[in-house]
Amino acid sequence: MMNKTVTLHDGKSIEIREHRSLNCLSACGLLCVWIQCMAALQAAVVAHQDHSSPQPSDASGDWPEYGLTSAEDRFSPLDRIHADNASELGLAWAKKLGTTRGLEATPIVVNGLMFISLPWSAVMAVDAHDGKTLWKWDPQVDKAIWAQKACCDVVNRGVAYRDGRVFASTLDGRLVGLDAITGELLWEQWTIDREGEYTVTGAPRIFDGKVVIGNGGAEYGVRGYITAYDCESGEQAWRTYTVPGDPSKGFESKDMEIAAKTWSGDWWTVGGGGTCWDGFAYDPELKLLYVGTGNASPWTRTERNRETKGRPWLDNLYLSCILALHADTGRVAWYYQTTPGDNWDYTAVQQMILTDLKLGGQDRKVIMQAPKNGFFYVLDRATGELLSAEPYTEVNWAERIDLETGRPVETEVSDYSSGPRDIKPGPHGGHNWQSMSYHPKQGLVYIPTIEARMIYRQDRSWNYRKGDWNVAVDFDNPAPVNTEKDQGGLVAWDPVKQQAAWRISHPNRYNGGTMATAGDLVFQGNGEAELVAYHAKSGEVLWSFFTGTAIIAPPVTYMIGGEQYVSVLAGWGGSYGLANPPSGEAAEYFQEGILYTFKLGGKASSPTLMRQFRTAQDLSDAVLTLDSSKVEAGNALYIQHCRRCHGGIDGQSGAIPDLATTVPAYHKLWHPIVSEGMLAAAKGMPGFKGRLTLEEIDSIQHFVVDATRKLAQENHVP
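The notes below deal with the structure included here. Small disclaimer: the values here were computed from a predicted structure and weren't measured.

Considering the sheet that holds strand β16 (residues 236-241)
The strand order β13-β14-β15-β16 describes an open sheet built from four strands, whose pairing is antiparallel. The two strands at the open ends of the sheet, each matched to only one other strand, are β13 (205-207) and β16. Here the average twist between neighbouring strands, direction ignored, is 25°. With five bridges joining them, strand β15 (residues 225-230) and β16 adopt antiparallel strand pairing.

Following this line, the structure appears as structure tokens:
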């Protein structure tokens, strides 16, 4: 436990403390003793801020929930910063966070206090006026175990707040309640089977006195579910599974019995998938919780449904669905499946927005979503009736969505069971977890889009392997891929007309979430390390700021003392950023995590940015004598076990180093690192003993050394 005194902006001082989890897996965890709420500290902070529970409203200057309100529209009514003065924005303060992995969190701001989550699920509270740290809680996730279970970086998308408590998830599957003033752990619950391949990276949501959390792990072979807990006690209120389990053990509900009729074979042996790792929304009038469900496990539907001969494919409920659940029981009120029989990793966990639209002359209460599959959906949120669906990005796997049946009309390109197919969108989707926002005055939804394809090819040799990716798709594909149009974008989408009002293109396919404000502004960070303010109606760039570190998280805005602030976390990583670099000038800088906050007339100094030049190592002094047969075998093994994190050996690394930059000293420790996990505790690099033989690990090294030498020669490394 570390103590430090901080002076708040009103002149008062408080003592801050850094906490470590009671559930420490390291030996030092037994020495961590939690502090009691100190009366002096409580009095000081309460005097500094009103400690009452915030309730979202148009008059609020806070950002108290993940999507601002439970409707998740990310539209702020604040307008002190607007289209006519956005060019006057300047840096209010910036805070280096000591992180080098992806930052995806939405900051929560309540009465002048800001709560953020960091890589490895740490939680930090800062003074939202000047960025001074108030407390930090570290759950002490065991990196050696949990990094290898996380498909898409050791990220966390944020916390929840209610009645003086902060609720957070941890990568290793805990849900915790923390005291918002002190950071003290009040309760924790394990939400997953720790022997399984689950992880938790999503932000909890609060509804009707409950806190809900899902999980991830479909790529590894798990069965999806979500769980609601009592906010006060942490006790489980209900759990809802999203795909059926082993029929011989009975079904948890009628919903699962119905779903089982849409599966075949022994799907439960590989989990089935359907994990709920991100999207939630809540309608307090209808008492419905909306949940997005994820992709299949494995991806390839021919492997999930081996007993099905030819078409039509089974739907495999409730994969890739919007589920409307009764808030008190978790039972399904209605569902809509965006991608029946998912075959492409087309999750529907992307953000859902609740609003009212006039459609066909009628006022409709709707739910809107732009899931991975490339179509923008508008549904009646009371009944689940499909009202409209049109592609918001380039799509070739389906011709259209049939409004009579609600089903996609697939093209011949969609089926890769008989050979490779160039399909768009690829597995990153047309839109991923990066938040979209809705401006009710402009009637536009602002979607961070991804324009990227992939060659899908079925892995005919696939068999389930515990602890490994189990997608049954072969990523080692020699078929040519046209990447000229692979890029990112920002699309202003009219949900009534179902067409784009304007589009902005980004060189990098991976960019940040969006926020809209009553000042007719849309804010978005991007993979070029810029935070940009656009005019909400026209898309005109009104202001930008270079952050050095690329941005994938969404910005927020709030008020303190009559001033409006805009904050965003800059931290490169995530599913794409793990193995791919940011674009433009950002690629020249070390990608360290920084929390940036801006205001009109801000004049704070920018943090010092460190330049970084990545080059292939000179291995000409014969780290080892290459064996061509091992190089070839190592290539296939590298693709299967290493490439999704380390990327191609081309010197263009993301959040995790490209192995072309591996120094000779590490090559001499290759087996202790790769087999025994020498760097697991420090960096989360797992040991592969038991999954790879020593001969296979040796072959991977031969491939890496051969590829590094070729790259060094091409780039004339001295």
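Brief notes about the packing of helix α6 (residues 628-641) against helix α11 (residues 694-714)
The axes of two packed helices give the description: the angle between them and the distance between them. Orientation of α6 relative to α11, taken along the N-to-C sense of each, is 100°, at an axis distance of 7 Å. In this view, α6 runs roughly perpendicular relative to α11, as classed from their interaxial angle. Packed against α6, whose contacting residues are K630, V631, A633, G634, N635, L637 and Y638, the element α11 presents E696, D698, S699, I700, H702, F703, V704 and D706 at the interface.

A word on the nonpolar core
One finds M114 and F115 to be the most contacted residues of the largest nonpolar core, which totals 59 residues. In terms of residue count, strand β40 (residues 563-570) provides more of this core than any other element does, five residues in total. Setting aside residues up to four positions removed in sequence, F115 forms contacts with T106, P107, I108, M124, A125, W135, V159, Y161, V166 and A180.

Some remarks on the sheet that holds strand β30 (residues 437-439)
If you trace the four strands from one edge of the open sheet to the other, you get β30-β31-β33-β34, paired in antiparallel fashion. One side of each edge strand has no neighbouring strand; the edge strands of this open sheet are β30 and β34 (499-506). Adjacent strand axes in the sheet meet at a mean angle of 25°, parallel and antiparallel pairs treated alike. The pairing of β30 with strand β31 (residues 444-451) spans three bridges and is classified as antiparallel. The partner of Y438 across the bridge, within β31, is V445.

Thoughts on the state of the cysteines
Tallied over the full model, the rule gives one disulfide. One disulfide bridge connects C151 with C152, the sulfur atoms lying 2.2 Å from each other. Where C151 bonds to C152 through sulfur, the torsion about that S-S bond is close to -90°, and the disulfide is left-handed. Accessibility expressed as a relative area gives 26% for C152, which makes it partly exposed.

Overview of the environment of E588
Residue position: E588 is located in the loop between α5 (574-577) and β41 (594-600). Residues E588 and R611 lie 23 residues apart in sequence; the distance between their C-alpha atoms is 5.6 Å.

What about the environment of D380?
Mapped onto the secondary structure, D380 falls in strand β25 (residues 375-380). In this structure the C-alpha to C-alpha distance between D380 and R364, which are 16 residues apart in sequence, comes to 6.8 Å. Those residues in contact with D380 that lie beyond four places of it in its chain are W334, R364, K365, E385 and L387.

What about the pairing of strand β27 (residues 398-401)?
Bridging between β27 and strand β28 (residues 408-410) involves three bridges; their strand directions are antiparallel. Its bridge partner being in β28, I401 is matched across the sheet by P408. Here β27 folds back onto β28, and the loop between the two strands holds six residues, one of which, G406, carries a positive phi near 75°.

Side note on unusual backbone geometry
The omega torsion of the bond from L317 to Y318 falls at 0°, within 30 degrees of zero and hence cis. Relative to the assigned elements, Y318 resides in the loop between α4 (301-304) and β21 (321-326). A cis amide bond links K424 to the next residue, P425, at an omega of 0°. Here P425 is to be found in the loop between β29 (421-423) and β30. A positive phi is found at L68, a non-glycine position, where the angle reads about 80°. Along the chain, L68 turns up in the loop between α1 (39-48) and β3 (75-76). Overall, L68 belongs to the buried group, its relative accessible area being 7%.

Observations regarding the pairing of β21
Within β21, five of the six residues are buried, which leaves the element mostly enclosed by the surrounding structure. Pairing of strand β19 (residues 288-292) with β21 involves five bridges; the strand directions are antiparallel. Within the sheet, the bridge partner assigned to L288 lies in β21 and is H326. With five bridges connecting them, β21 and strand β22 (residues 332-337) associate as antiparallel partners. For L325, the partnering residue across the bridge sits in β22 and is V332. Here β21 folds back onto β22 in antiparallel fashion, the turn holding five residues, of which G330 has a positive phi close to 80°.

A look at the pattern of salt bridges
The final tally for this structure, using the stated rule, is 36 salt bridges. Where E104 meets R157, a salt bridge forms, and the shortest distance between an N and an O atom there is 2.9 Å. With E104 in the loop between β4 (89-96) and β5 (108-110) and R157 in the loop between α2 (143-146) and β9 (160-162), the pair connects residues that are 53 residues apart, well separated along the chain. Taking the relative accessible area as the measure of exposure, E104 reaches 2% and is therefore buried.

Comments concerning the side chain of D283
Turning to its location among the elements, D283 is positioned in strand β18 (residues 280-283). With a relative accessible area of 5%, D283 lands in the buried category. Engagement of the side chain of D283 in a polar contact is seen with the backbone nitrogen of L286, the distance being 3.1 Å. For D283, the side chain forms a polar contact with the side chain of R381, separated by 2.7 Å. Residues within four places of D283 in sequence aside, it is in contact with L288, Y290, L354 and R381.

Rules and cut-offs
- Residues numbered from 1 in each chain as written.
- Predicted model: local features only at pLDDT ≥ 70, side-chain atom pairs only at ≥ 80, totals over all residues.
- Heavy atoms only, no water.
- Pairing = 2+ DSSP bridges.
- Helix = DSSP H or I, 4+ residues; strand = E, 2+ residues; numbered from the N terminus.
- Axes fitted to C-alpha atoms, helices over the stretch in contact; angles between N-to-C directions.
- Parallel < 35°, antiparallel > 145°, perpendicular 65-115°, else oblique.
- Contact = heavy atoms within 4.5 Å.
- Core = buried A, V, L, I, M, F, W, Y, C linked by side-chain atoms within 4.5 Å.
- Buried < 20%, exposed > 50% of the residue type's maximum accessible area, 1.4 Å probe, protein only.
- Disulfide = S-S within 2.5 Å.
- Salt bridge = Lys/Arg side-chain N within 4 Å of Asp/Glu carboxyl O.
- Polar contact = N/O pair within 3.5 Å; in protein donor to acceptor, adjacent residues only side chain to side chain.

Spatial relationships are all this shows, so hold off on functional conclusions.
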